[in-house]
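# Analysis of the macromolecular model
Here are the chains, one letter per residue:
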Amino acid sequence: MLPLCRALGDLKRIRSAGRAGSIAERMFAAAWTRIAAGGHPDAVARDTVRAALIATRLGDLDAGTLGQAGVPPAEVGRIQGAALAQAIVPLDMATRAWLAGEARAEPAAVSTSPPAFVARLAAQPRAGATHPERGRLMLEPPESHAEHCLVVAVIGALLAPTWDAGSETVFLAGLAHHLHNALLPDSGFAGEMLLGEWLQPAFTRATALALQELDPIPRNRVQAALRIIPDAATPEGRAFHAADTLDRVLQVEHHLRAAGTTMDFVLRQMELVHAGPTRTFQDAVLARFGLMAEPPEARGGVAA
């Protein structure tokens, strides 16, 4: 699961021309639009998780974009199916069965825009690593709370069958677990310790203000899902906290891996210059400029 979790985390960092925000940010907004309109969490969870898995392979090459480029609908379906098949390889049979299942019917959408708190969470940066006795470790660019919540929701839904937990409940809890940050900027561990006895009342009040933006049915569903968060004593609580912990740590690992990457790894294993009719010449150019060890087949391929 670890490579898949890393790939899902990368959805926070993939952006495209003409589209505001990262893939994760846009998926967060789309999921909340459906939840707020009365969509059942099970249907929203399955569709969002499938879309996220496909995006780990295709990025923003979605059905609409491929269609505009002239790819026939049948071929779009085949391409997306192949991407999903690749992404689900590490998943167990219970999780695959959940993904393949039929979701409950949803009511007709009555809203085409997400609640206002969604935009505030997308604009609210995560604190990075903080400690009461040390300076803040800033990781630039910071992820947003919308991006973090989306990835936790997706990973949590995928982990839920491991504990016989309800994927839709874990998904909704992940989507909502930072509602308080729609109001409260993130000061991290250090700030939370200073708030002391006021931490929980402040978080509770800020969450309640966000929940007021939802109609009664979706509000009740979110409140019920949030009850799994205080501990890891339930199957749903374990799945949620596993996902939250993984995403928090893998976000930092992403920066460390990027900082420690070598040119040899990028060229040899990631094949930045990859197979094609001009590969030999391209390798020779890099060797001539000292950017890679000279490949035997490229000797004499580039004039001094």
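All figures in this text were calculated on a predicted structure; none of them were measured in a lab.

## Describing the overall build of the protein
What the protein contains, in helices and strands, is 15 helices and 2 strands. The buried share of the protein, taken over its 304 residues, is 41%. The contacts in the protein between residues at least 6 apart in sequence include a share of 69% that link residues at least 24 apart. Only carbon and sulfur atoms are counted for the fraction: they give 60% of the accessible area of the protein, which is about 15900 Å².

## Concerning the domain arrangement of the protein
Where interface size is given, it is often the accessible area lost as the parts come together that is meant. Splitting the protein by domain gives domain 1 (1-260) and domain 2 (263-295). Once you take the C-alpha centre of each, domain 1 and domain 2 turn out to be 37 Å apart.

## Observations concerning the environment of Leu-175
One can find Leu-175 in helix 9 (residues 167-176). The spatial distance from the C-alpha of Leu-175 to the C-alpha of Arg-257 is 27 Å, given a sequence separation of 82 residues. Those residues in contact with Leu-175 that sit more than four places away from it in its chain are Phe-28, Ala-31, Trp-32, Ile-35, Cys-149, Leu-150 and Ala-153.

## Thoughts on the packing of helix 2 (residues 23-36) against helix 9
Running from N to C, helix 2 and helix 9 point in directions that differ by 115°, and their axes come no closer than 11 Å. Between helix 2 and helix 9, the angle is such that the two are roughly perpendicular. Considering how the two elements wind past one another, helix 2 and helix 9 form a crossing that is left-handed. Residues Phe-28, Ala-31, Trp-32 and Ile-35 of helix 2 lie in contact with helix 9, whose contacting residues are Phe-171, Leu-172, Leu-175 and Ala-176. Among the residues forming the contact of helix 2 with helix 9, the class breakdown is 8 nonpolar, no polar and no charged.

## With respect to the packing of aromatic side chains
Across all of its chains, the model carries 2 aromatic pairs by this definition. Here the aromatic rings of Phe-28 and Trp-32 are separated by 6.4 Å at their centres, their planes lie at 75°, and the arrangement is edge-to-face. On the criterion of helical spacing, the pair formed by Phe-28 and Trp-32 is a turn pair, its members being 4 residues apart in helix 2. Each member of the pair, Phe-28 as well as Trp-32, is classed as buried. Ring centres of Trp-32 and Phe-117 lie 5.0 Å apart, and the angle between their planes is 90°; this geometry places the pair in the edge-to-face category.

## Re the side chain of His-255
Looking at where His-255 falls in the secondary structure, it is placed in helix 13 (residues 235-260). If sequence neighbours within four positions are ignored, His-255 has contacts with Leu-139, Glu-140 and Pro-141.

## Focus on the side chain of Gln-124
With respect to the helices and strands, Gln-124 occurs in the loop between helix 7 (116-123) and strand 1 (129-131). Classification of Gln-124 as buried rests on a relative accessible area of 13%. Gln-124 has contacts with Glu-143, Ser-144, His-145, Asn-181, Leu-183, Leu-184 and Pro-185, leaving out every residue within four places of it along the chain.

## A look at the packing of helix 3 (residues 41-58) against helix 8 (residues 145-159)
Interhelical geometry of helix 3 versus helix 8 gives an angle of 100° and a closest axis separation of 10 Å. As judged from the angle between their axes, helix 3 and helix 8 are roughly perpendicular. Mapping the contact onto sequence places Thr-48, Val-49, Ala-52 and Leu-53 in helix 3 and Leu-150, Val-154, Ala-157 and Leu-158 in helix 8. Looking at the contact of helix 3 with helix 8 residue by residue, the class counts come to 7 nonpolar, 1 polar and no charged.

## Comments concerning the pattern of salt bridges
A side chain of one charge can pair with a side chain of the opposite charge when the charged atoms of the two come close. For the coordinates displayed, the defined rule picks out 17 salt bridges. As a salt-bridge pair, Asp-47 and Arg-34 come within 3.0 Å of each other at their nearest N and O atoms. Placement of the pair is Asp-47 in helix 3 and Arg-34 in helix 2, with a sequence separation of 13 residues. For Arg-78, the salt bridge is made with Glu-75, and the minimal N-O distance between the two is 3.0 Å. Here the residue Arg-78 and the residue Glu-75 both occupy positions in helix 5 (residues 73-87), the gap between them amounting to 3 residues, near one helical turn. Accessibility expressed as a relative area gives 48% for Arg-78, which makes it partly exposed.

## A word on the nonpolar core
Counting 59 residues, the largest nonpolar core has Trp-32, Leu-53 and Phe-171 as the members making the most contacts within it. With 11 residues, the single largest contributor to this core is helix 8. Not counting residues within four places of it along the chain, the set of residues in contact with Leu-53 comprises Leu-4, Leu-8, Leu-84, Ala-87, Ile-88, Leu-91, Leu-99 and Leu-158. The next biggest cluster of nonpolar side chains, apart from the first, holds 5 residues, and it includes Leu-267, Leu-286, Ala-287 and Met-292.

## Topic: helix 8
The end-to-end C-alpha distance of helix 8 is 21 Å, a good match for the 21 Å that 15 residues give at a rise of 1.5 Å each. Where burial is concerned, most of helix 8 is hidden: 15 out of the 15 residues are buried. Sitting at the amino-terminal end of helix 8 is Ser-144, which places a side-chain oxygen 3.4 Å from the backbone nitrogen of Ala-146.

Definitions and cut-offs
- Residues numbered from 1 in each chain as written.
- Predicted model: local features only at pLDDT ≥ 70, side-chain atom pairs only at ≥ 80, totals over all residues.
- Heavy atoms only, no water.
- Helix = DSSP H or I, 4+ residues; strand = E, 2+ residues; numbered from the N terminus.
- Buried < 20%, exposed > 50% of the residue type's maximum accessible area, 1.4 Å probe, protein only.
- Contact = heavy atoms within 4.5 Å.
- Areas by Shrake-Rupley, 256 points an atom, 1.4 Å probe, with all protein chains shown as cover.
- Domains from an automatic or database assignment.
- Axes fitted to C-alpha atoms, helices over the stretch in contact; angles between N-to-C directions.
- Parallel < 35°, antiparallel > 145°, perpendicular 65-115°, else oblique.
- Left-handed = near helix turned anticlockwise from the far one by under 90°.
- Nonpolar A, V, L, I, M, F, W, Y, C, P; charged D, E, K, R; others polar.
- Phe/Tyr/Trp six-rings, centres within 6.5 Å; stacked < 30°, edge-to-face > 60°.
- Salt bridge = Lys/Arg side-chain N within 4 Å of Asp/Glu carboxyl O.
- Core = buried A, V, L, I, M, F, W, Y, C linked by side-chain atoms within 4.5 Å.
- Expected span 1.5 Å × (residues − 1).
- Polar contact = N/O pair within 3.5 Å; in protein donor to acceptor, adjacent residues only side chain to side chain.

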